[in-house]
Amino acid sequence: MLTVTALTKRYGGRTAVDDLTFTVEPGRVTGFLGPNGAGKSTTMRLLLGLARPTSGEALVNGREYARLTAPAREAGALLDPRAAHPGRTGRAHLLAKALITGVPRTRVDEVLDEVGLTEAAGRRVGGYSLGMRQRLGVADALLGDPGTLLFDEPVNGLDLDGVRWMRDLARRLADEGRTVFVSSHLMSEMELVADHLVVVGRGRLIADASLGEVIAAWSRTHVLVRSPEAGALGARLERLGPPVRVEDDGDGGLRVFGLTAEAVGDHAHEAGARVHALAREEASLEQAYLELTDETVEFGAHGKETGA
Ligand SMILES: Nc1ncnc2c1ncn2[C@@H]1O[C@H](COP(=O)(O)OP(=O)(O)OP(=O)(O)O)[C@@H](O)[C@H]1O
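What counts, and where the lines are drawn
Residues numbered from 1 in each chain as written. Predicted model: local features only at pLDDT ≥ 70, side-chain atom pairs only at ≥ 80, totals over all residues. Helix = DSSP H or I, 4+ residues; strand = E, 2+ residues; numbered from the N terminus. Contact = placed C-beta atoms within 7 Å. Near = placed C-beta within 6 Å. Nonpolar A, V, L, I, M, F, W, Y, C, P; charged D, E, K, R; others polar. Pairing = 2+ DSSP bridges. Axes fitted to C-alpha atoms, helices over the stretch in contact; angles between N-to-C directions. Core = buried A, V, L, I, M, F, W, Y, C linked by C-beta atoms within 7 Å. Buried ≥ 20, exposed ≤ 12 C-beta atoms within 10 Å, placed from the backbone. Parallel < 35°, antiparallel > 145°, perpendicular 65-115°, else oblique. Left-handed = near helix turned anticlockwise from the far one by under 90°. UniProt positions renumbered as here; feature names shortened; annotations may be inferred. pLDDT = per-residue confidence, 0-100. Domains from an automatic or database assignment.

(A) Broad picture of the overall build of the protein chain. Looking only at helices and strands, the protein chain features eleven helices and 13 strands. Dimensions of the protein chain, computed from the C-alpha atoms along their principal axes, are close to 80 × 45 × 40 Å. A separation of at least 24 residues holds for 69% of the contacts in the protein chain among residues at least 6 apart in sequence.

Next comes the structure, spelled out in structure tokens:
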């Protein structure tokens, strides 16, 4: 279990994490979603005692990571796939970690097998592909058989098989009753793996809810209707109130949220509005997420353009 309370981290004048509060519960996969630079890695580093909070708390099982008596048995993490020394073999890396953390050597072969690296274990990490390094990072995280796992962007650079493997692993670990906290900047990825979502932008909390709740709240699926009497129709639909919502599409059409196409057609009929087009338009959750986090994106392709 992870508990983050009023957590803030500043680097000079830059606020990487801004008054974050949430908990990560056992028995489910919690996705930590936010655009690049939103503060996900920093939050994970604070939870693991790799950085100190400016204020607030980041606790593992109710205690600071550094104060845990057997930290490797309580929390394991995959933060940076390049963390293992390139000159060491995969097995040597894990044996050294086992020695330092007091984990029995027999665990090394178990976790190598679990991540599918048994055959490559005798090769130097420098010759590993990114996918193999990710697997080694996962083996490292699992070494102490911890109840809590933190994976920072675990599918970055993985091929399709690797992505699927990582999803299945996260699911299995959660089904075993562990706390699984997985970060990603991709809503599409989180949709496939997470039960619960903690969404951040510019270090601040945007949402902390089940995947279903986030989908319901963010859904941009709507009915598009075109009518020469759009004004009268729009006014009638707006009077219905929430959850019905009406937007002008800027092109003479109305986007109607919260009604079926049939219902919009019936309202048009009753309003005496001629209908020239009526269609249900599906919009992806990824699109909603990008729009929602648009103002909070620090870098990247989705920032608002300036100038002509
Ligand atoms: N050690 C540091 N010194 C200075 N600034 C930092 C440091 N670590 C992170 N930051 C800044 O804090 C902000 C949040 O970064 P962080 O890496 O936590 O975001 P993120 O959501 O994990 O994004 P990414 O996926 O790109 O790593 C960024 O503006 C980053 O530049």
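(B) Looking closely at the site of the ligand. Around the ligand, the surrounding shell holds 14 residues, and the nearest of these are Tyr11, Ala16, Asn36, Ser41 and Thr42. Looking at the shell around the ligand, the elements that each hand over two or more residues are strand E2 (14-24) and helix H1 (40-47). Considering only residue class, the shell around the ligand consists of three nonpolar, seven polar and four charged.

(C) Just the sheet that holds strand E6 (residues 148-152), in detail. With mixed pairing, six strands are arranged side by side in an open sheet as E5-E6-E7-E3-E8-E9. Each edge of the open sheet carries a strand with a single partner, namely strand E5 (75-78) and strand E9 (204-210). For this sheet, the mean angle separating the axes of adjacent strands, direction not counted, is 15°. As paired strands, E5 and E6 are joined by four bridges and run parallel to one another.

(D) Inspection of the nonpolar core at higher detail. If you look at the biggest cluster of nonpolar residues, it comprises 62 residues, and the most contacted ones within it are Ala139, Ala170 and Val182. If near-sequence neighbours (up to four positions away) are discounted, Ala170 is found in contact with Val29, Val180, Val182 and Val193. Counting residues in each nonpolar core, the second largest holds twelve residues, with Ala230, Val246, Val256 and Leu259 among its members.

(E) Examining the packing of helix H3 (residues 90-101) against helix H4 (residues 106-114) more closely. The geometry of H3 relative to H4 is characterised by a closest axis approach of 9 Å and an angle of 135° between their N-to-C directions. Comparing the axis directions of H3 and H4 gives the class oblique. Note that H3 runs across H4; the crossing there is right-handed. Two secondary-structure elements touch here, H3 through Gly90, Arg91, Leu94, Leu95 and Ala98 and H4 through Arg107, Val108, Val111 and Leu112. A class-by-class count of the residues in the contact of H3 with H4 yields six nonpolar, one polar and two charged.

(F) Looking closely at the UniProt feature "domain: ABC transporter" (unreviewed entry) in the protein chain. Under the feature "domain: ABC transporter" (unreviewed entry), the UniProt entry names residues 2-227. The annotated region residues 2-227 carries 34% helix and 29% strand content, and the separation between its end C-alpha atoms amounts to 53 Å.

(G) Highlighting the sheet that holds strand E12 (residues 253-257). Read from one edge to the other, the open sheet built from four strands follows the order E11-E12-E10-E13, with strand pairing classed as antiparallel. Of all strands in the sheet, those bounded by a partner on one side alone are strand E11 (245-248) and strand E13 (277-281). Neighbour to neighbour, the strand axes of the sheet diverge by 25° on average, direction disregarded. Inspection of the sheet shows E11 paired to E12 by four bridges, in the antiparallel sense. Directly across from Glu247, in E12, lies its bridge partner Arg255. Against the sheet, helix H9 (residues 230-239) contacts strand E10 (222-226), E11 and E12, and its axis sits at roughly 15° relative to E12.

(H) Broad picture of unusual backbone geometry. Unusually for a residue other than glycine, Ala6 sits at a positive phi of about 45°. The residue Ala6 is located in strand E1 (residues 2-11) in this model. Its identity as a non-glycine residue notwithstanding, Asp145 has a phi of 50°, on the positive side. Mapping Asp145 onto the fold places it in the loop between helix H5 (130-142) and E6.

(I) Structural detail: the confidence of the model for the protein chain. Confidence in the prediction for the protein chain averages 90 pLDDT; 95% of positions are at 70 or higher. Contacts of residues 297-308 to residues separated by more than four positions or lying in other chains number eleven contacts, the stretch itself having pLDDT below 50. For this predicted complex, the interface confidence reaches an ipTM of 0.92, while the overall pTM sits at 0.82.

(J) Focus on the domain arrangement of the protein chain. Each assigned domain of the protein chain is listed with its residue range as follows: domain 1 (2-216) and domain 2 (221-282). When each unit is reduced to the centre of its C-alpha atoms, the spacing between domain 1 and domain 2 is 45 Å.

(K) Structural view of the pairing of E2. As paired elements, E1 and E2 share seven bridges and run antiparallel to each other. Along E2, the bridge assignment pairs Tyr11 with Arg14. If you look at the hairpin formed by E1 and E2, you'll find two residues sitting between the two strands, and Gly12 has a positive phi there, around 60°.

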